[in-house]
Amino acid sequence: ALGPVAPRAGDLGARRAHARGAGHGLGPDPAPQGPLRGARRARPSAVLGGPRGRPHRARGPSLRLGAPLAPPRRALARARVWLYLAGWYALSVGYQVTNKKILRVLKLPWSLSAAVVAVGCAPVLLAWALGIREAPSGLSARDALAFLPLGLFHGVGLLAGTVGNHAGSVAFAQVVKAAGPVWTVLLSALLLGQRASHRVALSLVPIVCGVGLATASEVSFKWAALLGAAVSDVAYVLRNVLSKKAMAKRRAQGAEAPALSPANMAGALTLAATAWLVPLALVREWRTAPAAWAAATASMPALPILGQVALTGFYFWGYSEFAMAALANLAPVAHAIANTLRRVVVLVVSAAVFATPMTTCGKVGSAMAIAGSYLYSTASNADKAAAARRAEEDKARDHAAAAGEPPAAGPGAKGGVVAAKW
């Protein structure tokens, strides 16, 4: 609709001039065009906006073929998405590397986890107080209490991951965390009654085989590292599954779920996790904290240690923000690819920084597990798209039945095309 106006059908010279100058800003302004032969004639009142039989006059400044074009929005949108991905990757790597470095000096994983979420609360509250981000509104006391169990699983996921990084290598933890889809399928079946499709079940095979191969060939294997990464996966999956279950229960009761943006949801979970982890860290490490702090300050000054702890919390909050921004601007398949590549980048960079030895079987197993996680993402996205299409078809069929119209021929209708299951 914003292209050059074609010349009148009977003017051969103008048509040639239009053909030479179309799309290049060359030649004189062509004359208005009449209806082309063979094209469908649209109603002027519905399409052109004017009454029938009268030419439509465009309001506002006219577009000239030789006028310079504004910067394309598509290029700006792509640049913004690349910026989100770069920030997501850089902050993810920074969090994992800084977390491991500070754990080598300050051997207090519970206290470090509590400090990380506490630091993340500061930008969340500051954004709400200054109006940079709209604060959640319309939440009752019941809604606020509903975040406490979700915040517990959010905090346990962070705590278990920190304990796993403290006990083993970051690269091994990333491989074990690639088994998250397996726990998602199992817990969704147990708690929500959702059965996985055949392609989703098949995508779990390389994940299980890859994690098993990488675990068996791990040079510095420790059970605490394996269990920490596995418990972190289970806690995050339980957080997601229970939030879906709570929202479905409220809809069944006729209540509306609290309207929270993804950023505000992450902020609320951070606050709830802080309320859990701070007292848990005090109970768990209050006796060993003085000796551990004295040993840490003997090898590094106190101010750099506190700075590294604060930087770790900032990295954790920042990569969550960039991850949500990337998710909002990418298609599901593209986000699955980006998340798979992020895990690869974190694994490779952490193995290079900490000189983590990896055998050939470990490398093959890591590749299998990460590739399986990508296959699971694509399979689950395909199932969601198929379910959405079926819901639209059912809605259209119900609407046609209510209007007294005959059902349209299609998949599932008599005489229609038989739809494939895959």
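Chemist: Tell me about the overall build of the protein chain, and name the residues and values.
Modeler: Scanning the protein chain from N- to C-terminus turns up 14 helices and zero strands. N-terminal to C-terminal, the α/β element order of the protein chain is α-α-α-α-α-α-α-α-α-α-α-α-α-α. Looking at the protein chain alone, contacts between residues at least 24 apart form 84% of all its contacts between residues at least 6 apart. Of the roughly 25,700 Å² of accessible surface on the protein chain, a fraction of 65% belongs to carbon and sulfur atoms.

Chemist: Please set out the packing of helix 8 (residues 198-216) against helix 14 (residues 360-403) residue by residue, giving values where relevant.
Modeler: Two numbers describe how helix 8 lies on helix 14: the axes approach to 7 Å, and their chain directions differ by 160°. Taken together, the axes of helix 8 and helix 14 lie roughly antiparallel to each other. As for the relative orientation of helix 8 and helix 14, their crossing is left-handed in sense. Its residues assigned to classes, the contact of helix 8 with helix 14 comprises 16 nonpolar, eight polar and two charged.

Chemist: For helix 10 (residues 262-285), give the residues involved together with the corresponding values.
Modeler: Helix length check: helix 10 (24 residues) gives 33 Å between terminal C-alpha atoms against 34 Å at 1.5 Å per residue, within 8%. Residues Ala263, Asn264, Gly267, Ala268, Leu269, Thr270, Ala272, Ala273, Thr274, Leu277, Ala281 and Glu285 constitute the buried set of helix 10.

Chemist: Quick one: what's the story with the packing of aromatic side chains, residue by residue and with numbers?
Modeler: Within this structure, the stated rule accounts for nine aromatic pairs. Relative to Phe316, the ring of Tyr95 lies with its centre 5.4 Å away and its plane at 50°, an arrangement referred to as tilted. Placement of the pair is Tyr95 in helix 3 (residues 73-105) and Phe316 in helix 12 (residues 302-329), with a sequence separation of 221 residues. For the residue pair Tyr95 and Phe316, the accessibility class agrees, reading buried in each case. Measuring from ring centre to ring centre gives 5.2 Å for Phe221 and Trp223, while their planes differ by 75°; the resulting arrangement is edge-to-face. One aromatic cluster in this structure is built from Tyr95, Phe316 and Tyr319.

Chemist: Before we move on, could you go through the nonpolar core and cite the residues and values that matter?
Modeler: Grouped together as the largest cluster of nonpolar side chains are 31 residues, with contacts concentrated most on Trp88, Tyr95 and Leu158. Elements with a minimum of two residues in this core: helix 3, helix 4 (109-130), helix 5 (141-167), helix 10, helix 11 (289-299) and helix 12. Ranked by the residues each element gives to this core, the list is headed by helix 3, at nine residues. In this structure, Trp88 is in contact with Tyr319, Phe322, Ala323, Ala326, His335, Ala338, Asn339 and Arg342, ignoring residues within four places of it in sequence. In this structure, Val175, Val185, Ile207 and Leu347 belong to the second largest nonpolar core, which totals 17 residues.

Chemist: Requested: an account of the pattern of salt bridges, with residues and values cited.
Modeler: Inspection of every chain in the model, using the stated rule, returns three salt bridges. Put simply, Glu321 and Arg133 hold a salt bridge, and the shortest N to O gap is 2.9 Å. Pair noted here: Glu321 is in helix 12 and Arg133 is in the loop between helix 4 and helix 5, with a separation of 188 residues, a long-range link. What makes Arg133 partly exposed here is its relative accessible area of 26%. Ionic pairing is found between Arg397 and Asp394, a salt bridge with its closest N-O pair at 2.9 Å. Residue Arg397 and its partner Asp394 are located together in helix 14, separated by three residues, close to a single helical turn. Of the residues examined, Arg397 reaches a relative accessible area of 38% and is grouped as partly exposed. Residue Asp394 is classed as partly exposed on the basis of its relative accessible area of 39%.

Chemist: I'd love a proper account of the packing of helix 3 against helix 5, names of residues and values included.
Modeler: Axis separation between helix 3 and helix 5 bottoms out at 9 Å; the angle between their running directions is 65°. The two elements helix 3 and helix 5 cross, and the hand of that crossing is right-handed. On helix 5, the residues that touch Tyr95, Gln96, Asn99, Lys100 and Leu103 of helix 3 are Leu158, Thr162, Asn165 and His166.

Chemist: Could you give me a rundown of the side chain of Ser373, with the residues and numbers involved?
Modeler: Inspection of the secondary structure puts Ser373 in helix 14. Looking at Ser373, its side chain comes within polar contact range of the main-chain oxygen of Ile370, at 2.5 Å. Sequence-distant contacts of Ser373, that is, excluding residues within four places in its chain, are made with Ala178, Ile207 and Thr340.

Chemist: Could you give an account of unusual backbone geometry, naming the residues involved and the relevant values?
Modeler: Non-glycine residue Ala355 carries a positive phi angle of around 50°. Looking at where Ala355 falls in the secondary structure, it is placed in the loop between helix 13 (332-353) and helix 14.

Chemist: Requested: an account of helix 7 (residues 180-192), with residues and values cited.
Modeler: For helix 7, with 13 residues, the first-to-last C-alpha span of 17 Å sits near the 18 Å given by 1.5 Å per residue. Inspection of helix 7 places Gly180, Pro181, Val182, Val185, Leu187 and Ser188 among the buried residues, and these make up the whole buried set. Residue Gly193 follows helix 7 closely and has a positive phi angle near 70°.

Calculation criteria
Residues numbered from 1 in each chain as written. Predicted model: local features only at pLDDT ≥ 70, side-chain atom pairs only at ≥ 80, totals over all residues. Heavy atoms only, no water. Helix = DSSP H or I, 4+ residues; strand = E, 2+ residues; numbered from the N terminus. Contact = heavy atoms within 4.5 Å. Areas by Shrake-Rupley, 256 points an atom, 1.4 Å probe, with all protein chains shown as cover. Axes fitted to C-alpha atoms, helices over the stretch in contact; angles between N-to-C directions. Parallel < 35°, antiparallel > 145°, perpendicular 65-115°, else oblique. Left-handed = near helix turned anticlockwise from the far one by under 90°. Nonpolar A, V, L, I, M, F, W, Y, C, P; charged D, E, K, R; others polar. Expected span 1.5 Å × (residues − 1). Buried < 20%, exposed > 50% of the residue type's maximum accessible area, 1.4 Å probe, protein only. Phe/Tyr/Trp six-rings, centres within 6.5 Å; stacked < 30°, edge-to-face > 60°. Core = buried A, V, L, I, M, F, W, Y, C linked by side-chain atoms within 4.5 Å. Salt bridge = Lys/Arg side-chain N within 4 Å of Asp/Glu carboxyl O. Polar contact = N/O pair within 3.5 Å; in protein donor to acceptor, adjacent residues only side chain to side chain.

Read these as geometric descriptors, not functional statements.
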